[in-house]
Amino acid sequence: MLGAIEAGGTKFVCAVGDESGRIIERIQIPTTVPEETMGSVITFFKKYPIQAVGIGSFGPIDVNTESPTYGSITSTPKLAWKDFPFVQTMKDNFSVPVGFNTDVNAAALGEVTFGAAKGLDSCLYITIGTGIGAGAIVQGNLLQGLSHPEMGHLLVRRHPKDTYKGKCPYHHDCFEGLAAGPAIEERWGEKGINLVDREEVWDLEGYYIAQALMQYILILSPKKIILGGGVMKQKQVFSYINKYLPELINGYVCLPDLIDYIVSPGLGDDAGITGSLLLAYQALQSEKPVTS
Ligand SMILES: Nc1ncnc2c1ncn2[C@@H]1O[C@H](COP(=O)(O)OP(=O)(O)OP(=O)(O)O)[C@@H](O)[C@H]1O
Ligand SMILES: [Zn+2]
C-alpha cells in the first residue's frame, strides 16, 4: 500500500492506494499551519500499513537530493510553510521511502501514466488556478535541472488594449500575473466563474495562454499539452487558444491537430494525487535493496 499527498495552498489531499492508480481511501485537509495540517496528515496515514509516501507539493521546493535542505518548501509566500522540512517530517513519522516533487510534475506523471498522455514519453501539464505552474515529462523522465521548472512566470507580450497592471508580486505582468485566476478577478472585478458570458475575458485569457504555449512548444516540444486548474474549467478558452496559437507560430513548427494536442486532464482533478502515488512507487523502487 502506498501513501500520497497532494499539498496545495488551500488544501491537502491525502490518499492511500497502489501503483495502478487505484485510490482506496482519501481525505482533504485545509492548509493552515504545518503543526495543524501535518498533524492531520500523520493521523490519517497512521491507520494504514504504507510502504512509501509520494508528495506532490506547492512550491518552490528543494528537489535537489544533494542539497542539505532537500525535501523542504523554500521561499513560499505562505510564510508558515517557509523552510518546512516536508520529507524529513514524513520520514520521522513513518520510516519509509518518500518521493518528493512539485504538484505539477506529479500531475504530469499521473497524466503520462494513466491519463491524456498515456503511452507517450513526453507531456506538459499546466495548471491555471490561483497561480500558474507547469510540470513536464521529457524522454520519459520528470523534468528537473538546477531545480524544478517554474514555467508560470514567463514574460508575455501584453495585449495592446490590456491596461491591467498584473498581479505577480515579483514581476507584475508575467504570464501568471496576467492570466491566473486572481488576475482575472482583479482585472474584470468579478471571479471567473461569474464571467462565463463575457467573451472578451476568455479571448484575452486565450491570447496569453497561447503565447505561453508557443514558448513551451519551442523549448520542450511536448507530445501532448494538458491544461488543468480552476480557470480551465471554462472550456471556451480552448477555442481561443486554438485560434491564437497557429497565428503566433505562423507555420514555423508543424503541430498536430490542436483538438487532440491541447486537452483537459484525462484524470480530471485526480491527476496530482494519482501522480503522487506514482512518486511513492518510484521512491519504493529506488530504495529497494539490490538482490543478485
Ligand atoms: N469554474 C471556474 N471558472 C473560472 N475560474 C475558476 C473556476 N473555478 C475556479 N476558478 C478560479 O481558479 C482559481 C482557483 O484555482 P484552483 O481551483 O485550481 O485552486 P488552487 O488549487 O487554489 O489553485 P493552484 O493550483 O494555483 O494552487 C481562483 O482564482 C478561481 O476564481
Ligand atoms: Zn511572476
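Anyway, here's the lowdown on the structure attached to this text. Everything numeric here is computed off the predicted structure, so don't read it as measured data.

### A closer look at the overall build of the protein chain
Right, so step 1: When you go through the protein chain residue by residue, the secondary structure sums to nine helices and ten strands.
Right, so step 2: Computed over the C-alpha atoms, the radius of gyration of the protein chain is 19 Å, within 12% of the 19 Å expected from 2.2 N^0.38 for a compact globule of 292 residues.
Right, so step 3: When its C-alpha atoms are laid out on the principal axes, the protein chain stretches across 60 × 40 × 35 Å.
Right, so step 4: Expressed as a percentage of its 292 residues, the buried residues of the protein chain come to 51%.

### Here we look at the sheet that holds strand 3 (residues 23-30)
Right, so step 1: Across the sheet, which stays open at both edges, the five strands sit in the order 3-2-1-4-5 with mixed pairing between neighbours. The strands lining the two open edges of the sheet, one partner per strand, are strand 3 and strand 5 (98-102). Across the sheet, the axes of successive neighbouring strands diverge by a mean angle of 15 degrees, strand direction being ignored.
Right, so step 2: Note that strand 1 (residues 2-7) and strand 4 (residues 52-57) share six bridges and pair parallel. Across the sheet, G3 pairs through a bridge with V53, a residue of strand 4.
Right, so step 3: Sitting on the sheet, helix 2 (residues 86-94) is in contact with strand 1, strand 2 (11-17), strand 4 and strand 5, with an inclination near 160 degrees to strand 5.
Right, so step 4: Along the sheet face, helix 3 (residues 103-114) touches strand 1, strand 4 and strand 5 and points at about 105 degrees away from the line of strand 5.

### A closer look at the environment of N194
Right, so step 1: Here N194 is to be found in the loop between helix 5 (181-188) and helix 6 (199-220).
Right, so step 2: Judged by its relative accessible area of 52%, N194 falls in the exposed class.
Right, so step 3: For the pair N194 and T163, spaced 31 residues apart in sequence, the C-alpha separation works out to 21 Å.

### Some details on the site of ligand 1
Right, so step 1: In the vicinity of ligand 1, 14 residues are found, and the nearest of them are G129, T130, G131, G230 and Q234.
Right, so step 2: Taking T10, its side chain carries an N or O atom lying 3.5 Å from an oxygen atom of ligand 1.
Right, so step 3: Side-chain polar atom of T130 to an oxygen atom of ligand 1: 2.8 Å apart, as the coordinates give it.
Right, so step 4: Expressed as a share of its isolated accessible area of 630 Å², the protein-covered part of ligand 1 is 70%.
Right, so step 5: Among the residues forming the shell around ligand 1, the class breakdown is three nonpolar, ten polar and one charged.

### Considerations on the nonpolar core
Right, so step 1: Within the largest apolar cluster, 42 residues are counted, with the highest numbers of intra-cluster contacts made by I126, F175, L213, L227 and I262.
Right, so step 2: Sort the elements by how many residues they give to this core and helix 6 lands first, with eleven residues.
Right, so step 3: Apart from the residues lying within four places of it in its own chain, the contact partners of F175 are I128, I132, M151, G152, L154, V156, A180, Y208, I209, A212 and Y216.
Right, so step 4: Ranked by size, the runner-up nonpolar core spans 28 residues in total, among them I42, Y48, V53 and V87.

### Remarks on a nonpolar patch on the surface
Right, so step 1: A cluster of nonpolar residues, L218, I219 and Y252, forms a patch on the protein surface that exposes about 420 Å² of accessible area.
Right, so step 2: Topologically, Y252 is positioned in the loop between helix 7 (236-249) and helix 8 (258-261).
Right, so step 3: Classification of Y252 as exposed rests on a relative accessible area of 73%.

### Considering helix 7
Right, so step 1: For helix 7, which comprises 14 residues, the first-to-last C-alpha distance of 21 Å matches the rise-based estimate of 20 Å (1.5 Å per residue) to within 8%.
Right, so step 2: Looking at helix 7, one finds that the buried residues are V237, F238, Y240, I241, N242, Y244, L245 and I249.
Right, so step 3: For helix 7, the secondary structure elements touched by its buried residues are helix 6, strand 9 (225-228), helix 8 and strand 10 (262-263).

### Describing the coordination of the zinc ion (ligand 2)
Right, so step 1: At 2.1 to 2.3 Å from the zinc ion (ligand 2) lie its protein donor atoms, namely H153 (ND1), C168 (SG), H171 (ND1) and C174 (SG).
Right, so step 2: One can describe the donor arrangement at the zinc ion (ligand 2) as tetrahedral, given that its four donor atoms subtend angles of 102 to 121 degrees at the metal.
Right, so step 3: Mapped onto the sequence, the residues coordinating the zinc ion (ligand 2) show the spacing H-x14-C-x2-H-x2-C. With H153 in the loop between strand 8 (141-142) and helix 4 (175-179) and C168 in the loop between strand 8 and helix 4, the pair connects residues that are 15 residues apart, well separated along the chain.

### Notes on the packing of helix 3 against helix 9 (residues 271-287)
To describe two helices that pack against each other, one gives the angle between their axes and the distance between the axes.
Right, so step 1: In the contact formed by helix 3 and helix 9, the axes pass within 7 Å of each other and the chain directions differ by 90 degrees. In terms of axis orientation, helix 3 runs roughly perpendicular to helix 9. Packed against helix 3, whose contacting residues are A106, A107, L109, G110, E111, T113 and F114, the element helix 9 presents A271, G272, T274, G275, S276, L278, L279 and Q282 at the interface.
Right, so step 2: Split into classes, the residues belonging to the contact of helix 3 with helix 9 amount to seven nonpolar, seven polar and one charged.

### A word on the layout of surface pockets
Right, so step 1: In this structure, the second largest pocket spans a volume of roughly 350 Å³.
Right, so step 2: As for the second largest pocket, its lining consists of 18 residues, and the residues nearest its centre are Y70, G99, F100, N101 and Q282.
Right, so step 3: Contributions of two or more residues to the lining of the second largest pocket are made by strand 5, strand 8 and helix 9.
Right, so step 4: It is helix 9 that provides the largest number of residues to the lining of the second largest pocket, a total of five residues.
Right, so step 5: In terms of residue class, the lining of the second largest pocket is built from nine nonpolar, eight polar and one charged.
Right, so step 6: Domain assignment of the residues forming the lining of the second largest pocket places at least three in each of domain 1 (2-105 + 269-286) and domain 2 (116-264).

Calculation rules
- Residues numbered from 1 in each chain as written.
- Chains lettered and ligands numbered in written order.
- Predicted model: local features only at pLDDT ≥ 70, side-chain atom pairs only at ≥ 80, totals over all residues.
- Heavy atoms only, no water.
- Helix = DSSP H or I, 4+ residues; strand = E, 2+ residues; numbered from the N terminus.
- Rg over C-alpha atoms; globule rule 2.2 N^0.38 Å.
- Buried < 20%, exposed > 50% of the residue type's maximum accessible area, 1.4 Å probe, protein only.
- Pairing = 2+ DSSP bridges.
- Axes fitted to C-alpha atoms, helices over the stretch in contact; angles between N-to-C directions.
- Contact = heavy atoms within 4.5 Å.
- Near = heavy atom within 4 Å.
- Polar contact = N/O pair within 3.5 Å; in protein donor to acceptor, adjacent residues only side chain to side chain.
- Areas by Shrake-Rupley, 256 points an atom, 1.4 Å probe, with all protein chains shown as cover.
- Nonpolar A, V, L, I, M, F, W, Y, C, P; charged D, E, K, R; others polar.
- Core = buried A, V, L, I, M, F, W, Y, C linked by side-chain atoms within 4.5 Å.
- Patch = residues over 30% accessible without salt bridge, like charges linked within 9 Å, V, L, I, M, F, W, Y side chains within 5 Å.
- Salt bridge = Lys/Arg side-chain N within 4 Å of Asp/Glu carboxyl O.
- Expected span 1.5 Å × (residues − 1).
- Donors = N, O, S within 2.8 Å, 3.2 Å for Na, K, Ca; no water.
- Tetrahedral: all angles 85-135°; square planar, octahedral: opposite > 155°, others 65-115°.
- Parallel < 35°, antiparallel > 145°, perpendicular 65-115°, else oblique.
- 1 Å grid on protein atoms, 1.4 Å probe; cavity = no way out; pocket = protein on both sides within 12 Å on 5 of 7 lines; lining within 4 Å.
- Points joined across faces, edges and corners; volume = space filled by probe spheres on them.
- Domains from an automatic or database assignment.

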